[in-house]
Amino acid sequence: MTPQGQPGTPVLQALADGTLTGSWVLDPARSEVRLESRHTWGLRPVHGTFRQVAGNGTVTADGQVTGTLTVAAGSIDTKNKRRDKDLRSAKIFDIASHPDITCTVDGMQPANGGVRVTGSLTVRGRTRPLSFDAKASATAGEVELDAQVPVDRADFGLTYSPLRMASLNNTITVHAVFTRQ
């Protein structure tokens, strides 16, 4: 809410007035989840895309938001087969035991000209609280959410790094498009 008590963006107004009430499903063809990191002691950027994402959300009549975004950890594609194999192995994501990375959303509030999303992130069986700012927009039957989420992979036990070449600080970039179910 703005200081005057009114929602500060069109999405927040739509949450408050009930326009977005209902069930929503992620459009995987129009959504993208990317991993950004640094390698070689921070000198080289590394970019990867998770090719399989799914999700859903619910907005209640009083504007409460909940939802889930699920990423298939094995769908990571960094354009380097050897690196992708390492990422999928028991050294990092351990996709044989933990095939999914899951973000669970339990709230959304106005923040910094956008929204603050709260919930939890589960990677390799470890769940940690999560809070990040995002830009949100809504049109007829569609909601888009864009965010850059900083993640310290050590929080999830992902510390493998030969010669300590890979950064523990990563960014997950999300472009999520939800359509009314």
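What you see is a predicted model; the values in this text were computed from it and never measured.

The rules behind these values
Residues numbered from 1 in each chain as written. Predicted model: local features only at pLDDT ≥ 70, side-chain atom pairs only at ≥ 80, totals over all residues. Heavy atoms only, no water. Helix = DSSP H or I, 4+ residues; strand = E, 2+ residues; numbered from the N terminus. Buried < 20%, exposed > 50% of the residue type's maximum accessible area, 1.4 Å probe, protein only. Contact = heavy atoms within 4.5 Å. Areas by Shrake-Rupley, 256 points an atom, 1.4 Å probe, with all protein chains shown as cover. Salt bridge = Lys/Arg side-chain N within 4 Å of Asp/Glu carboxyl O. Core = buried A, V, L, I, M, F, W, Y, C linked by side-chain atoms within 4.5 Å. pLDDT = per-residue confidence, 0-100. Pairing = 2+ DSSP bridges.

Section: the overall build of the chain
Part 1 of the argument: Across its full length, the chain holds two helices and 11 strands.
Part 2 of the argument: When the helices and strands of the chain are placed in sequence order, the string is α-β-β-β-β-β-β-α-β-β-β-β-β.
Part 3 of the argument: Per-residue burial for the chain yields a buried fraction of 40% across its 181 residues.
Part 4 of the argument: If you take every contact in the chain between residues at least 6 apart in sequence, the share linking residues at least 24 apart comes to 55%.
Part 5 of the argument: Put simply, the chain shows about 9,800 Å² of open surface, and 54% of that area lies on carbon and sulfur atoms.

Quick notes on the pattern of salt bridges
Part 1 of the argument: Inspection of every chain in the model, using the stated rule, returns eight salt bridges.
Part 2 of the argument: Here Arg30 ties to Glu142 by a salt bridge, and the two come within 2.9 Å at their closest N and O atoms. Of this pair, Arg30 sits in the loop between strand 1 (22-26) and strand 2 (32-39) while Glu142 sits in strand 10 (residues 142-152), and the two are 112 residues apart along the sequence.
Part 3 of the argument: Put simply, Arg116 and Asp133 hold a salt bridge, and the shortest N to O gap is 2.7 Å. Taken together, the residues Arg116 in strand 8 (residues 114-123) and Asp133 in strand 9 (residues 126-139) connect sequence positions 17 residues apart.
Part 4 of the argument: Look at the salt bridges and you will find they share partners, linking Asp27, Arg30 and Glu142 into a network.

With respect to unusual backbone geometry
If a residue is not glycine, its phi is most likely negative; likewise, a peptide bond is most likely trans.
Part 1 of the argument: The backbone of Asp94 sits at a positive phi, close to 50 degrees, despite the residue not being glycine.
Part 2 of the argument: With respect to the helices, strands and loops of the structure, Asp94 is situated in the loop between helix 2 (81-88) and strand 7 (100-111).
Part 3 of the argument: In this model, Arg124 sits at a positive phi of 50 degrees, which is unusual for a non-glycine residue.
Part 4 of the argument: With respect to the helices and strands, Arg124 occurs in the loop between strand 8 and strand 9.

Remarks on the environment of Leu87
Part 1 of the argument: Among the structural elements, Leu87 can be located in helix 2.
Part 2 of the argument: Distance from Leu87 to Ala73, taken between C-alpha atoms, is 8.6 Å for residues 14 residues apart in sequence.
Part 3 of the argument: In this view, Leu87 contacts Ile76, Thr78, Ile92, Phe93 and Asp94; residues no more than four positions away in its chain are not counted.

Some words on the nonpolar core
Part 1 of the argument: Among the nonpolar cores identified, the biggest contains 42 residues, and Leu20, Phe50, Phe93, Ile101 and Leu121 are the most heavily contacted of them.
Part 2 of the argument: Ranked by residues supplied to this core, first place goes to strand 10 with five residues.
Part 3 of the argument: Here Leu121 is in contact with Ile101, Thr102, Cys103, Arg126, Thr127, Arg128, Leu130, Val151 and Phe156, once residues within four sequence places are set aside.

A word on the environment of Ala140
Part 1 of the argument: Examined against the element boundaries, Ala140 turns out to sit in the loop between strand 9 and strand 10.
Part 2 of the argument: Residue classification places Ala140 among the exposed positions, given a relative accessible area of 79%.

Considering the confidence of the model for the chain
Part 1 of the argument: Residue-level pLDDT values for the chain average 87, and 87% of them are 70 or greater.
Part 2 of the argument: When the criterion is pLDDT under 50, residues 1-7 qualifies, and its contacts beyond four places in sequence or with other chains add up to eight contacts.

Observations concerning the pairing of strand 8
Part 1 of the argument: Among the 10 residues of strand 8, seven are classified as buried, and the element is accordingly described as predominantly covered.
Part 2 of the argument: In this antiparallel pair of consecutive strands, strand 7 and strand 8, the connection spans two residues, and Asn112 shows a positive phi of 45 degrees.
Part 3 of the argument: As defined by bridge partners, strand 8 adjoins strand 9 across nine bridges and the pair is classed as antiparallel. By the bridge assignment, Gly119 is partnered in strand 9 with Leu130.
Part 4 of the argument: Between strand 8 and strand 9, which pair antiparallel one after the other, the connecting turn spans two residues, and Arg124 there sits at a positive phi close to 50 degrees.

Things to note about the pairing of strand 7
Part 1 of the argument: Pairing geometry for strand 5 (residues 65-72) and strand 7, over six bridges, is antiparallel. Looking at the pairing, Thr70 lines up with Thr102 of strand 7.
Part 2 of the argument: Pairing geometry for strand 7 and strand 8, over nine bridges, is antiparallel. Of the residues in strand 8, the one forming a bridge with Gly107 is Thr118.

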